[in-house]
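Observations on the three-dimensional arrangement
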Amino acid sequence: MNVRRIFDSESGIHLTLIDPDEQTPARAGEIAVEAMSGGSDGIMVGGSTVSGQSIVDETVKEVKEKVDLPVILFPQDTSGLTGRADAVFFMSLLNSREPMYITGMQMRGAPIIKKLGLEPLPMAYLVIEPGGTVGYISDSRPIPREKPEIAASYALAGEYMGMDFIYLEAGSGVTEHVPLDMIGAVAKTTNSNIIVGGGIRTPKQAKKVVEAGADIVVTGSLVEEIDDVEQTISKLTDAIHK
Ligand code: 1GP
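Reading guide: rules and limits
Residues numbered from 1 in each chain as written. Predicted model: local features only at pLDDT ≥ 70, side-chain atom pairs only at ≥ 80, totals over all residues. Heavy atoms only, no water. UniProt positions renumbered as here; feature names shortened; annotations may be inferred. 1 Å grid on protein atoms, 1.4 Å probe; cavity = no way out; pocket = protein on both sides within 12 Å on 5 of 7 lines; lining within 4 Å. Points joined across faces, edges and corners; volume = space filled by probe spheres on them. Helix = DSSP H or I, 4+ residues; strand = E, 2+ residues; numbered from the N terminus. Nonpolar A, V, L, I, M, F, W, Y, C, P; charged D, E, K, R; others polar. Axes fitted to C-alpha atoms, helices over the stretch in contact; angles between N-to-C directions. Parallel < 35°, antiparallel > 145°, perpendicular 65-115°, else oblique. Contact = heavy atoms within 4.5 Å.

- As annotated in an unreviewed UniProt entry, the protein chain carries the name Geranylgeranylglyceryl phosphate synthase and comes from Methanonatronarchaeum thermophilum.
- Among the UniProt annotations of the protein chain, the heading Catalytic activity (unreviewed entry) holds the following wording: "sn-glycerol 1-phosphate + (2E,6E,10E)-geranylgeranyl diphosphate = sn-3-O-(geranylgeranyl)glycerol 1-phosphate + diphosphate".
- Turning to the protein chain, the UniProt record has this under Sequence similarities (unreviewed entry): "Belongs to the GGGP/HepGP synthase family. Group II subfamily."

Right, dumping it as structure tokens:
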């Protein structure tokens, strides 16, 4: 499966993030089915506190059996890798203070990714205030919300380092998503694909995030909190698919 083709779209793209620790693999499969019916363009699998490789493997197995959408891993470390997925966001957390999250885990993961035959999608991962669990676990210095120029400079640095994707992450489940002016500043500065996630819950928020310059919107917590995944995702994708 050529995963990159989904990012060629002219309109906003929606990815549904499934944290393998938040439900059974069977439920993850159901969520993926509903997300696909609701118009989501792909499934991401990962989380900052995933408890082990087997749950990632079983979750992706279930999702791949149920849907024909690209499955992209979003690993917190090498235990987030499985050859059952199509691709992996090969991410470097540029504003971490811990070298393990910038180049260390990448050195360990690269040969595994090659062996598994996963398509690597190079990504600069930037944690924005408040940063949530990932900001804490990764020992990041979250970018201040009122400093869009810092996010833009990091994004440009990421582009110059060859990263095709820039992920602006406010933290899963936070109450305020990445500020719109920060997304705008990053969009003006870089040609890489801009992914925005963390705290996006409503179609209106998703639409504004895309209008501000995001190419890809990620929602995760949303599908854990509701029963009617299809309808909720459908309203969200309607708002960003032109
Ligand atoms: C987390 O950006 C993602 O890494 C999604 O955040 O769970 O708040 O949707 P939410």
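Picking up after the structure, the text goes on.
1. Side note on the layout of surface pockets
- The computed volume of the largest pocket comes to approximately 790 Å³.
- In this structure, the largest pocket is lined by 45 residues; those nearest its centre are Gly47, Ser48, Phe74, Tyr125 and Val134.
- When residues of the lining of the largest pocket are traced back to their parent elements, those giving at least two are strand 4 (87-93), helix 3 (99-116), helix 4 (132-137), strand 6 (165-169), strand 8 (216-219) and helix 8 (221-225).
- Looking at which element gives the most residues to the lining of the largest pocket, the answer is helix 3, with 6 residues.
- Residues belonging to the lining of the largest pocket are distributed by class as follows: 20 nonpolar, 19 polar and 6 charged.

2. Regarding the packing of helix 6 (residues 180-189) against helix 7 (residues 203-212)
- In the contact formed by helix 6 and helix 7, the axes pass within 8 Å of each other and the chain directions differ by 30 degrees. Relative to helix 7, the element helix 6 lies roughly parallel. Across from Leu180, Ile183, Gly184 and Ala187 in helix 6, the residues of helix 7 making contact are Lys208, Val209 and Ala212.
- When its residues are assigned to classes, the contact of helix 6 with helix 7 shows 5 nonpolar, 1 polar and 1 charged.

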